[in-house]
Amino acid sequence: MSAFDLNGKVALVTGGAHSIGFSIGLGLAKAGATICFNCSSEGSKEKGIATYKAEGVEAHGYVADVTDEAAVTKLVATIREEVGIIDILVNNAGIIKRIPMIETSLEDFSKVIDVDLIAPFIVSKAVIPGMIEKGHGKIINICSLMSELGRETVSAYAAAKGGLKMLTRNICSEYGAYNIQCNGIGPGYIATQQTAPLREIQPDGSRHPFDQFILAKTPAGRWGNADDLTGPAVFLASDASNFVNGQILYVDGGILAYLGKQP
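Residues numbered from 1 in each chain as written. Predicted model: local features only at pLDDT ≥ 70, side-chain atom pairs only at ≥ 80, totals over all residues. Heavy atoms only, no water.

**Topic: the pattern of salt bridges**
In plain terms, the rule: One speaks of a salt bridge when a side-chain nitrogen belonging to Lys or Arg is within 4 Å of a carboxyl oxygen belonging to Asp or Glu. Here a strand is any run of E in DSSP of at least two residues, a helix any run of H or I of at least four, and the numbering for each starts at the N terminus. Between buried and exposed lies partly exposed: a residue is buried under 20% and exposed over 50% of the maximum accessible area for its type, with that area taken using a 1.4 Å probe on protein chains only.
Here the structure, examined in full by the defined rule, presents nine salt bridges. As a salt-bridge pair, lysine 125 and glutamate 69 come within 3.0 Å of each other at their nearest N and O atoms. Of this pair, lysine 125 sits in helix H4 (residues 106-134) while glutamate 69 sits in helix H3 (residues 69-82); the two residues are 56 residues apart in sequence, bridging distant segments of the chain. With a shortest N-O distance of 2.8 Å, lysine 134 and aspartate 87 are connected by a salt bridge. In this pair, lysine 134 is assigned in helix H4 and aspartate 87 in the loop between H3 and strand E4 (88-91), connecting sequence segments 47 residues apart. Judged by its relative accessible area of 2%, aspartate 87 is buried. Shared partners join several salt bridges into a network, and the residues in it are Glu42, Lys45 and Glu46.

**A word on the pairing of strand E6 (residues 180-187)**
Two faces belong to every sheet, and in a regular strand the side chains alternate between them. Note the cut-off: If the strands point away from the viewer and the path from the first strand over the helix to the second runs clockwise, then the crossover is right-handed. Any two strands with at least two DSSP bridges between them are considered paired.
Counting buried positions along E6 yields eight of eight residues, so the element is predominantly enclosed. Both faces of E6 are covered, namely the face carrying Ile180, Cys182, Gly184 and Gly186 and the face carrying Gln181, Asn183, Ile185 and Pro187. Viewed along the sheet, the connection from strand E5 (residues 137-142) through helix H5 (residues 155-175) into E6 turns out right-handed. In the sheet, E6 pairs with strand E9 (residues 248-251) via four bridges, with the strands oriented parallel. By the bridge assignment, glycine 186 is partnered in E9 with tyrosine 250.

**Observations concerning the side chain of lysine 9**
Our working definition: For this count, His and the chain ends are skipped, Lys and Arg are scored as positive, and Asp and Glu as negative. Throughout, a residue-residue contact means that at least one pair of heavy atoms, one from each residue, lies within 4.5 Å.
Mapped onto the elements, lysine 9 comes out in the segment before strand E1 (10-14). For lysine 9, which is buried and forms no salt bridge, the nearest opposite charge comes from aspartate 87, at a distance of 4.7 Å. When neighbours within four sequence positions are excluded, lysine 9 is seen to be in contact with Ala33, Thr34, Asp87, Ile88 and His136.

**Some remarks on the packing of aromatic side chains**
Think of a pair of aromatic rings as described by two things: how far the centres are apart, and how the planes are tilted against each other in angle. Here is the rule: Paired rings are identified among Phe, Tyr and Trp, the last through its six-membered ring, by centres lying within 6.5 Å, and are further divided according to the angle between planes into stacked (under 30 degrees), edge-to-face (over 60) and tilted (the rest).
Under the defined criterion, the tally for this structure stands at seven aromatic pairs. Look at tyrosine 189 and tryptophan 223: their rings are 6.1 Å apart centre to centre, the planes differ by 80°, and that puts the pair in the edge-to-face class. With tyrosine 189 in the loop between E6 and strand E7 (190-191) and tryptophan 223 in the loop between helix H6 (209-217) and strand E8 (224-225), this residue pair connects regions lying 34 residues apart in the sequence. A relative accessible area of 8% places tryptophan 223 in the buried class. Consider the rings of phenylalanine 210 and tryptophan 223, whose centres lie 6.3 Å apart with planes at 55°: the pair is tilted. Of this pair, phenylalanine 210 sits in helix H6 while tryptophan 223 sits in the loop between H6 and E8, and the two are 13 residues apart along the sequence. This pair shows no difference in class: phenylalanine 210 is buried, exactly as tryptophan 223 is. Three or more aromatic residues link up through ring pairs in this structure, and these residues are Tyr189, Phe210, Phe213 and Trp223.

**Quick word on the packing of H4 against H5**
Here is the rule: Here the axes come from fitting lines to C-alpha atoms, over the contacting stretch only for helices, and the angles between their N-to-C directions go from 0 to 180 degrees. The scheme is simple: roughly parallel for angles under 35 degrees, roughly antiparallel for over 145, roughly perpendicular for 65 to 115, oblique for anything else. In this scheme the crossing of two helices becomes right-handed for a clockwise turn of the near helix relative to the far one and left-handed for an anticlockwise turn of less than a right angle. Only Asp, Glu, Lys and Arg are considered charged, only Ala, Val, Leu, Ile, Met, Phe, Trp, Tyr, Cys and Pro nonpolar, and every remaining residue, Gly among them, polar.
Axis separation between H4 and H5 bottoms out at 8 Å; the angle between their running directions is 15°. Accordingly, the angle class assigned to the pair H4 and H5 is roughly parallel. With respect to the hand of their crossing, H4 and H5 are arranged in right-handed fashion. Contact with H4, carried on its side by Phe109, Val112, Ile113, Asp116, Leu117, Pro120, Phe121, Ser124, Ile128 and Ile132, involves Ser155, Ala156, Tyr157, Ala159, Ala160, Lys161, Gly163, Leu164, Leu167, Ile171 and Tyr175 of H5 and no other residues of that element. Looking at side-chain class alone, the contact of H4 with H5 contains 16 nonpolar, three polar and two charged residues.

Structure (structure tokens):
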């Protein structure tokens, strides 16, 4: 299984201090990678470092705004100096604003696009020269079911994640000849702290209506866990995926393959 070995590799996981980003970072670390992550504040950075350390991982944390090109350029240069040239990039940082489209301000729409689409462009642009220098590289963009499907109240998020899918394919097209593979992971509905209220049992003992909806639409019959994304991330970060490029791997329990139960 040496093709999955990440020893000697330096990985940057944006937004890697908690939730999905942390789980992916931990998975890459357990496969041997040295983990770097960014976050928005010193407090988050220190908490993230402590969380990794509790799992036996000495991670390198940095405060950097991934929507600020100058800050990202400095981040990548600092990692190069302190840790090494980045071999693996996971563009995980993201936000969502659930607002009906006609009530969405341009400011809110633009903010989601900035974080979910512009930032992956900025960070990828910053790391690709180093990957060309090393003769290899792996970029993993965290896409979404909304890279394929629309849904009420998420026009900005769906537009950004659809764009991220095409950015993934274009990075493949432009830089595949340099032995750089750029692929995406499209998570389904993942059980996180943020989605916990949607999974709470109601006072009458029933499931939350949204919980019922997700279970009915998912052949696996459950929400995903953040750990469900670690295996796919290790695969796409490793030599095992050297001839996989420009693809989106949907980790959704089968939602995209399923029309739904007949009434």
